[in-house]
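A look at the structure
Single-letter residue listing:
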2 protein chains.
Amino acid sequence: MEIFHPAEILSRDEIAAVQTRRLARVVKRAARSPFYKAKLDEMGVDPESITSLDDLTRLPLTTKDDLRASYPFGMLADEHRELVRLHASSGTTGAPTVVYHTEKDLRTWADLMARCMHMAGMRKEDVFQNIAGYGLFTGGLGIHYGAERLGCLTIPAGAGNTARQIKLLRDFNVSAVHIIPSYALYLAGVVAEQGLDPRDLPPRIALIGAEPHSEEARRRIEEMLGLKAYNSYGLSEMNGPGVAFECEHQNGMHLWEDSYIAEILDPQTQEPVAEGEVGELVMTTLTREAMPLLRYRTRDLTRFLPGECACGRLHRRIDRITGRADDMLIIKGVNIYPMQIEKILLAVPEVAQNYQIVLEREGYIDQIKVRVEIKEEFFIEDMRVLGGIQKRIAGLLRNELLVTPRVELVEAKSLPTSEGKASRVVDLRETKD
Amino acid sequence: MEIFHPAEILSRDEIAAVQTRRLARVVKRAARSPFYKAKLDEMGVDPESITSLDDLTRLPLTTKDDLRASYPFGMLADEHRELVRLHASSGTTGAPTVVYHTEKDLRTWADLMARCMHMAGMRKEDVFQNIAGYGLFTGGLGIHYGAERLGCLTIPAGAGNTARQIKLLRDFNVSAVHIIPSYALYLAGVVAEQGLDPRDLPPRIALIGAEPHSEEARRRIEEMLGLKAYNSYGLSEMNGPGVAFECEHQNGMHLWEDSYIAEILDPQTQEPVAEGEVGELVMTTLTREAMPLLRYRTRDLTRFLPGECACGRLHRRIDRITGRADDMLIIKGVNIYPMQIEKILLAVPEVAQNYQIVLEREGYIDQIKVRVEIKEEFFIEDMRVLGGIQKRIAGLLRNELLVTPRVELVEAKSLPTSEGKASRVVDLRETKD
Ligand SMILES: [Zn+2]
Ligand SMILES: [Zn+2]
């Protein structure tokens, strides 16, 4: 196995040792910020007392609201004069969030990013087109610095202007691109409309991410563009891209555990979920100087994948993000995420685009009902056929959710949509009288 | 004097020595590209024979058309695998132009840019907001890398979204900005409309450039925003920003002669203009590895300013760009640039926004007529008053152009405009029969 950085092939013991050493250091560093100093004081935690990974649970959880409340300088753990970059959220509602970087932070970030790209098969010889907005959005500059660190000929193409993107891909024989999944499909469509085969475009690798997408969407991108598409995970609070990335086996994303400690917690109780269960990803930065974050609640739902990856890297893999913690529903004491339901429904061939989850209360018991649009060709009057589909869907959902929902089949295009998007969840449990 | 780089305080002899050494090297390097190899062969110039600055005139001139014709790889003087960046022109018409960079090229560019910013008074402690489009446009990433090289806390704000720009300026106590002149005036207007004083915004320094603007526009920016505005010059063919910049004396832009050889040539004859005369700026890159350019015709018109700058730096200063060589008119054997006429007219208080230059032929003699809109309050029927204005304008133009134009006064808003912009030059000399 070719590696970009020695940390890729650490053993589990070595990872634990690095994490222990860096955790102790990062907590002391975090304690220099007004926010964490107050928080640790209030909890009676002496930063010097953090000496093992078991001490992690003694540390405070950090939320996006904490970031907002401490805007603009409350999370800063370093001298102002050492800072060389900040990224801020667009903050359309409420206070924005901001993340600061020292020069060393930027170098570390670029190294992590280059490590990801190399793991996905990119090399110095690649010509790389970065189809992403630059500026305050971390997906532009973050990926850009990684590609230059790796030594690729980097084209800072930015977002939009599809005709020009296609021209650049062709003229410079671009071998690797960064592109968001929906735009990849759109771009392939534009080429096809010109009567050309998008598979003839030169790239052999696409880095995709930044928006949730299914395994099916990835395969479609791969088939339409004739390349390998690698899923990535990152969020601006953890720098941006470069947190976790797929290797050539494309079976989950290796999360770089020498740089982050990842926990998966129940979003309600903040207790660890059982091994392999879905929960909220909670992360601690291990190397950031300017603005360390302790146990940051990402709100992103995922799980650790079991077993070891065939590539030999022992950094644990997370599954693709299956939704946001804020979307979680509790039915009969069971946590249910709409994305779980969607995943099941979209794998059923008879199901059309749209569905709706309806929560009802009967007496004191919550009930979940799933209304599913069925494609026109299947929606026939023969009750036996429809009954069979209904029963099959109910069974699949029960196996996934461990709760038996009612399933109601409806005609295609009969469910309400708002601005083209379906209103997925309707909660009728609250009786306002 | 504080300096960022020792090259800033080279003596004229030292500059000549550096230029001689680097010219010899860069010509050998350029000869590795298909374009220059063919060109030098064709002219019978042996790269090894370039040993002094006097040999410069034996080298070929390079034009934008040459760049276009050799798109995409013809100007490349380096191995593909050594390249880490390319910038391409938007190329709305015809083939685009492209400039490649090695890692060392990017470092050199960032160093030059940091040198410029430091010369304009920026320091590591500054918080710097880069209000510029990123991506393929060199003004974004070029300035960005310079600011990070200098060690400023850099905010990659990008272009647009004025409300957000203002919020960032305030929230992070931004002390220096990069902004295009027209947008600086617009932003000040937005703040004023909110009933606030734009002078209360935190920045003390603005780097302005990327679009031609007058000394008056600079002073207006300085007064409205309560800061010092420094003019800059660059073009993507010479990397982008970082070619020439004003020092604290704001009296022309020091052009970094250790990195570029600058000539000012007559755009028609390609002979050097007389000392201090306006002509086309022609530049040779001295340090670029991936894509050296020899005697590149920028089409930009300027002149070397006489005398030494009070700051002590001996790199020669160029005047603000007064137009494009393509705009040059030849009347009675004299080179005339529309910008010269505009400069005179806009300094006359009675003149309104618009004017028009009409070229006519009488027999075999070309004539120039200038039609000038006069502000409503001055456009009265008293012929003596109008006659006085007319005579005054004609005198001012004759002194500047050394040709006597006819001057015709017209009412404000009576001249044709297209898409809000005036059609400045109307050429009636070509008789198509
Ligand atoms: Zn793997
Ligand atoms: Zn000076």
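Every value quoted in this text rests on a predicted model; they were computed, and no experiment measured them. (Residues numbered from 1 in each chain as written. Chains lettered and ligands numbered in written order. Predicted model: local features only at pLDDT ≥ 70, side-chain atom pairs only at ≥ 80, totals over all residues. Heavy atoms only, no water.)

Remarks on the relation of the copies chain B and chain A
For the pair chain B and chain A, the best superposition has an RMSD of 0.3 Å and corresponds to a rotation of 180° with a translation of 0.2 Å parallel to the axis. In short, the pair behaves as if placed about a two-fold rotation axis. Relative to the rotation axis, the C-alpha of Tyr134 of chain B is the closest in chain B, positioned 2.9 Å from it. Both copies present the same face, since 100% of the interface residues in chain B are matched by interface residues at the equivalent positions in chain A. (Least-squares fit on C-alpha atoms with pLDDT ≥ 70 in both. Contact = heavy atoms within 4.5 Å.)

Quick look at the domain arrangement of chain A
Residues and elements named next belong to chain A. Split by domain assignment, chain A resolves into domain 1 (1-326) and domain 2 (328-432). If you sort the residues of domain 1 by the area they bury against domain 2, Gln268, Leu301 and Thr322 come out on top, with a joint share of 47%. In this assembly, domain 1 and domain 2 are joined by two residue pairs in polar contact (both at pLDDT 80 or more). Residues belonging to the side of domain 1 that touches domain 2 are distributed by class as follows: five nonpolar, three polar and three charged. (Domains from an automatic or database assignment. Buried area = accessible area lost by both parts, 1.4 Å probe. Polar contact = N/O pair within 3.5 Å; in protein donor to acceptor, adjacent residues only side chain to side chain. Nonpolar A, V, L, I, M, F, W, Y, C, P; charged D, E, K, R; others polar.)

Section: the interface of chain B and chain A
Facing the 40 residues of chain B at the interface are 40 residues of chain A. For the pairing of chain B and chain A, the buried interface totals around 3,300 Å² over both sides, and the portion due to carbon and sulfur atoms is 61%. The three residues of chain B that bury the most area against chain A are Arg81, Leu153 and Phe172 of chain B, which together make up 18% of that side's buried surface. A salt bridge links Glu125 of chain B to Arg81 of chain A; the nearest nitrogen and oxygen atoms lie 2.2 Å apart. Counting the contacts that link chain B with chain A gives 26 residue pairs in polar contact (both at pLDDT 80 or more). Elements that contribute at least two residues to the side of chain B that touches chain A include exactly strand E1 (83-88), strand E2 (98-102), helix H5 (138-150), strand E4 (153-155) and helix H6 (162-171) of chain B. (Salt bridge = Lys/Arg side-chain N within 4 Å of Asp/Glu carboxyl O. Helix = DSSP H or I, 4+ residues; strand = E, 2+ residues; numbered from the N terminus.)

Some points on the pattern of salt bridges
Summed over the entire model, instances satisfying the criterion amount to 78 salt bridges over all chains. Residue Asp41 of chain A pairs with Lys37 of chain A through a salt bridge whose shortest N-O separation is 2.9 Å. Within this pair, Asp41 of chain A and its partner Lys37 of chain A are both found in helix H2 (residues 34-43), separated by four residues, close to a single helical turn. A salt bridge links Asp326 of chain B to Arg299 of chain B; the shortest N-O distance between them is 3.3 Å. In this pair, Asp326 of chain B is assigned in the loop between strand E14 (323-324) and strand E15 (329-331) and Arg299 of chain B in strand E12 (residues 296-302), connecting sequence segments 27 residues apart. The partly exposed category is assigned to Asp326 of chain B, whose relative accessible area is 48%. By sharing partners, the salt bridges in this structure join Glu215, Arg218, Arg219, Glu222, Glu246 and Arg320 of chain A into a single network. (Buried < 20%, exposed > 50% of the residue type's maximum accessible area, 1.4 Å probe, protein only.)

Section: the coordination of the zinc ion (ligand 2)
Residue and element names in this part refer to chain B. In the first shell of the zinc ion (ligand 2), the protein supplies Cys247 (SG), His254 (NE2), Cys309 (SG) and Cys311 (SG), at 2.1 to 2.3 Å from the metal. Considering all four donor atoms around the zinc ion (ligand 2), angles at the metal cover 99 to 118° and the coordination shape is tetrahedral. Counting residues between consecutive donors of the zinc ion (ligand 2) along the chain gives the motif C-x6-H-x54-C-x1-C. Remark: Cys311 occurs in the loop between E12 and strand E13 (317-318) and Cys247 occurs in the loop between strand E8 (240-246) and strand E9 (253-255); sequence separation between them is 64 residues. Across this residue pair, the class does not change: Cys247 and Cys311 are buried. (Donors = N, O, S within 2.8 Å, 3.2 Å for Na, K, Ca; no water. Tetrahedral: all angles 85-135°; square planar, octahedral: opposite > 155°, others 65-115°.)

Topic: the sheet that holds strand E17 (residues 351-362) of chain B
Residues and elements named next belong to chain B. Ordered by their spatial adjacency, four strands build an open sheet running E19-E18-E17-E22, and the pairing between neighbours is mixed. The strands lining the two open edges of the sheet, one partner per strand, are strand E19 (406-411) and strand E22 (425-427). When the angles between neighbouring strand axes are averaged without regard to direction, this sheet yields 20°. Alignment of E17 against strand E18 (residues 365-374), held across nine bridges, turns out to be antiparallel. If you follow Glu362 over to E18, its bridge partner there is Ile365. (Pairing = 2+ DSSP bridges. Axes fitted to C-alpha atoms, helices over the stretch in contact; angles between N-to-C directions.)

Examining the sheet that holds strand E19 (residues 406-411) of chain A
Across a sheet, strands are paired by hydrogen bonds formed along the backbone, either parallel or antiparallel in direction. Residue and element names in this part refer to chain A. With mixed pairing, the four strands of this open sheet are ordered in space as E19-E18-E17-E22. The sheet terminates laterally at E19 and strand E22 (425-427), the two strands that pair on one side only. Going from strand to strand, the sheet's axes swing by 20° on average, the running direction of each strand aside. Docked against the sheet, helix H9 (residues 338-346) engages strand E17 (351-362), strand E18 (365-374) and E22, running at close to 140° with respect to E17. In the packing of helix H10 (residues 383-401) onto the sheet, the strands contacted are E17, E18 and E19, and the crossing angle to E19 comes to about 135°.

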